[in-house]
Amino acid sequence: MPELPEVETIRRDLLPALRGHAFTHAWLSPEAPRLVQAPPAAEFARLLPGRRIENVSRRGKHLVFHLSGGLYLVVHLRMTGALLHRPSDAAPDRYVRAVLSLDDGSELRFSDLRKFGAFWLVPDLSEVLGRLGPEPLDSGLTPSLLRELTARRRAPIKSLLLDQRALAGLGNIYADEALFAAGLHPQRPASSLSHSEVERLHGAIRRVLLAALEDRGASFSDYVDASGREGRHQFRVQVFRRTGKPCYTCGREIARVKLAGRSTHFCPKCQPLEAAAARAKRKAAS
Ligand SMILES: [Zn+2]
């Protein structure tokens, strides 16, 4: 599933290409009746044409098109969605669920094999994005804010990182990579992290996301950018989907556990669970 670096890569490509252009037509496939979450699909297709794109921003894993007349088009790619910017005479793409035509003769094609992707066309962004936590690359996410988030939670730290209401934008890839970079076992209760561990995690999240952005995201399965090109970060990950392969740091085999239904990859030596638990116990006893 595309996460913050993938969605941000798409945003950075689309903004200069689309700013100032207006939508002229919206075609929605009858085979994807759940794509448009709000308003009803017919209303969506009626309201979009004529709207000019004033800006393209991102919030968590959502792309946000700021449109003239005070409307926002919000796009969530979910599992297999891709937003492809093509000339209208380009060869057909597969699994296209929506085509949004633009006044320069180009079109945004929404390709989505699994059909979990979602569109919203709303006057108020808080309807869609209101419950999201802070952006990990913004100055708003300080070590002390992350400390507040972890202190309240007994859930595993990995679960906290995946919770979009706690922190917006991380998914399975970058949660695993950030925990490796911070040397933290994914099953550690969030509230057991010491101040210095939270600080390490804060730095690790930012480093991991910025490195992935440099690589234009990771293409493990379906992710492609707005031109249909894959990212490169899948070649630079430390633990994600490296089960059984040697850790680049210590040589131990990368392990995998299921955590909240998600495959979780980590190095048992670089990310110890036991030592930390013992330290936490000693701390609680003292
Ligand atoms: Zn290791």
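Residues numbered from 1 in each chain as written. Predicted model: local features only at pLDDT ≥ 70, side-chain atom pairs only at ≥ 80, totals over all residues. Heavy atoms only, no water.

## A short note on helix α1 (residues 4-18)
And then number 1: Compared with the 21 Å implied by 1.5 Å per residue over 15 residues, the 20 Å span of α1 between its first and last C-alpha is a close match.
And then number 2: Three or more residues of α1 are buried, namely Leu4, Pro5, Glu6, Val7, Glu8, Thr9, Ile10, Arg11, Leu14, Leu15 and Leu18.
And then number 3: Gly20 sits one or two positions beyond α1 and adopts a positive phi of about 95 degrees. (Helix = DSSP H or I, 4+ residues; strand = E, 2+ residues; numbered from the N terminus. Expected span 1.5 Å × (residues − 1). Buried < 20%, exposed > 50% of the residue type's maximum accessible area, 1.4 Å probe, protein only.)

## Some details on unusual backbone geometry
And then number 1: Note the cis peptide between Ala38 and Pro39, where omega equals -10 degrees.
And then number 2: Position of Pro39 among the secondary structure elements: in the loop between β2 (36-38) and α2 (41-47).
And then number 3: Non-glycine residue Arg78 carries a positive phi angle of around 50 degrees.
And then number 4: You can see Arg78 is positioned in the loop between β5 (71-76) and β6 (81-87).
And then number 5: Given the relative accessible area of 29%, Arg78 is considered partly exposed.
And then number 6: Its identity as a non-glycine residue notwithstanding, Arg216 has a phi of 60 degrees, on the positive side.

## Considering the pattern of salt bridges
And then number 1: Evaluated as defined, the whole model comprises 20 salt bridges.
And then number 2: Arg46 is paired through a salt bridge with Glu43; the nearest N and O atoms lie 3.2 Å apart. With Arg46 and Glu43 both in helix α2, this residue pair falls three residues apart, about one helical turn.
And then number 3: Judged by relative accessible area, Arg46 falls into the exposed class, the value being 57%.
And then number 4: The class for Glu43 is partly exposed, based on a relative accessible area of 30%.
And then number 5: With a shortest N-O distance of 3.3 Å, Asp225 and Arg229 are connected by a salt bridge.
And then number 6: Salt bridges sharing common partners tie together Glu8, Arg11, Arg12, Arg58, Arg59 and Glu135. (Salt bridge = Lys/Arg side-chain N within 4 Å of Asp/Glu carboxyl O.)

## Brief notes about the coordination of the zinc ion
And then number 1: Only Cys247 (SG), Cys250 (SG), Cys267 (SG) and Cys270 (SG) from the protein reach the zinc ion as donors, at distances of 2.3 to 2.4 Å.
And then number 2: Geometry at the zinc ion is tetrahedral, judged from the four donor atoms that bind it and their angles of 98 to 113 degrees at the metal.
And then number 3: Of note, the donors binding the zinc ion are all from one chain and are spaced C-x2-C-x16-C-x2-C. Residue Cys250 is found in the loop between α7 (195-214) and β10 (255-259), and its partner Cys267 is found in the loop between β11 (262-266) and α8 (274-285); the two are separated by 17 residues along the sequence.
And then number 4: Classification of Cys250 by relative accessible area gives partly exposed; the value is 29%.
And then number 5: Judged by relative accessible area, which is 0%, Cys267 ranks as buried. (Donors = N, O, S within 2.8 Å, 3.2 Å for Na, K, Ca; no water. Tetrahedral: all angles 85-135°; square planar, octahedral: opposite > 155°, others 65-115°.)

## Quick notes on the packing of aromatic side chains
Describing an aromatic ring pair means giving the distance of the ring centres and the angle of the ring planes.
And then number 1: For the structure on display, the rule yields three aromatic pairs.
And then number 2: Across from the ring centre of Tyr248, 3.8 Å away, lies the NZ or CZ of Arg242, which sits over that ring. (Phe/Tyr/Trp six-rings, centres within 6.5 Å; stacked < 30°, edge-to-face > 60°. Lys NZ or Arg CZ within 6 Å of the ring centre and 35° of its normal.)

## What to know about the sheet that holds strand β1 (residues 23-28)
Pairing between the strands of a sheet comes from backbone hydrogen bonds, and it takes one of two forms, parallel or antiparallel.
And then number 1: Spatial ordering of the open sheet is given by β1-β7-β8-β6, a layout of four strands whose pairing is antiparallel. Pairing within the sheet leaves two strands with one partner each, and these edge strands are β1 and β6. Adjacent strand axes in the sheet meet at a mean angle of 15 degrees when their direction is disregarded.
And then number 2: Of the strand pairs in this sheet, β1 and strand β7 (residues 96-102) are connected by five bridges, and their pairing is antiparallel. Bridge assignment links Leu28 to a residue of β7, and that residue is Ala98.
And then number 3: Of the strands in this sheet, β6, β7 and β8 (106-112) are in contact with α1, which crosses β6 at around 30 degrees. (Pairing = 2+ DSSP bridges. Axes fitted to C-alpha atoms, helices over the stretch in contact; angles between N-to-C directions. Contact = heavy atoms within 4.5 Å.)

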